[in-house]
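Structure assessment
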Amino acid sequence: MFLKRLHTFWRYWRTVRHLRVRQIRFRVVRMAKARLCPVSRLPQWGAAPEFDAEALAGLRAWAERWAALAPPSGEAVEALRKGTLSCCGFSQRFERSPEWGWAKASPLARYALHGFGFSRPLAFFMLAHPEENAADRTLVFRWMEDWAAKNPRRARPGWEAFPIAERLLHWAMLAAVAGSPGEAVRRSFAAQADHLRCNLEYDLLANHLMQNAAGLAVAGAVLGNDAMRDEALEVLEREVAE
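Residues numbered from 1 in each chain as written. Predicted model: local features only at pLDDT ≥ 70, side-chain atom pairs only at ≥ 80, totals over all residues. Heavy atoms only, no water.

A tally of helices and strands in the protein yields 11 helices and two strands. Helices and strands in the protein line up, N terminus first, as α-α-α-α-β-β-α-α-α-α-α-α-α. Sorting the 242 residues of the protein into buried and exposed places 42% on the buried side. Summed over all atoms, the accessible surface of the protein reaches about 13,400 Å², with 58% contributed by carbon and sulfur. (Helix = DSSP H or I, 4+ residues; strand = E, 2+ residues; numbered from the N terminus. Buried < 20%, exposed > 50% of the residue type's maximum accessible area, 1.4 Å probe, protein only. Areas by Shrake-Rupley, 256 points an atom, 1.4 Å probe, with all protein chains shown as cover.)

See the structure below:
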């Protein structure tokens, strides 16, 4: 037991000794907030915000360029329609919506699942075939609504900063391609953006913080929140410069 604890201490020390003071400080603050602030005391959101049409149009143009560079395979699109998705070497079959808990998958695969990157082939297909959108729109809206209903605030890993940032990017892209989703999804989108804004991963920096900032910038634009967008862009520019 003693040797196991010593090994654990040494492993943590090899990591911590390379961190900056501000990284350690932000980590302690994030852990304290997660433990000491109950969900019941978190801000509640009222009416669902409307998504900004100009921001969605810009996202759609960006998605079209991305889809042209990486067109989806027909096999991937058909697999999603039939209820099969793959993330990081793990696959799952589902009926109406994915299994968000996905106990058999690795933590990395669950991060990817909650980031909604698995929906990208369907989004790109809808861009290329707008006349066939109806059934696919129903699918992606159902998945977003199901995620919002089954993942209460602070649920892990869905409400951790990195998958939130990924999900905001993909939900925004899906809204740009398939149309604005329903009230429950828009309300969840706003809640996730506010949560991410207060929980940026300054303790990890690098690609995590850059992804956080990118997701928050897109969310701010879609929500018409200029302050949120500008704060995120400032963080992103600073991290890119480093």
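As a further point, take the pattern of salt bridges. One pass over the structure, following the stated rule, counts 10 salt bridges. With its nearest N and O atoms 3.7 Å apart, the salt bridge here joins Arg187 to Glu183. Of this pair, Arg187 and Glu183 both sit in helix α9 (residues 183–198), separated by four residues, roughly a single helical turn. A relative accessible area of 27% places Arg187 in the partly exposed class. Glu231 is paired through a salt bridge with Arg197; the nearest N and O atoms lie 2.7 Å apart. Remark: Arg197 occurs in helix α9 and Glu231 occurs in helix α11 (residues 226–241); sequence separation between them is 34 residues. Using a relative accessible area of 38% as the deciding quantity, one classes Glu231 as partly exposed. (Salt bridge = Lys/Arg side-chain N within 4 Å of Asp/Glu carboxyl O.)

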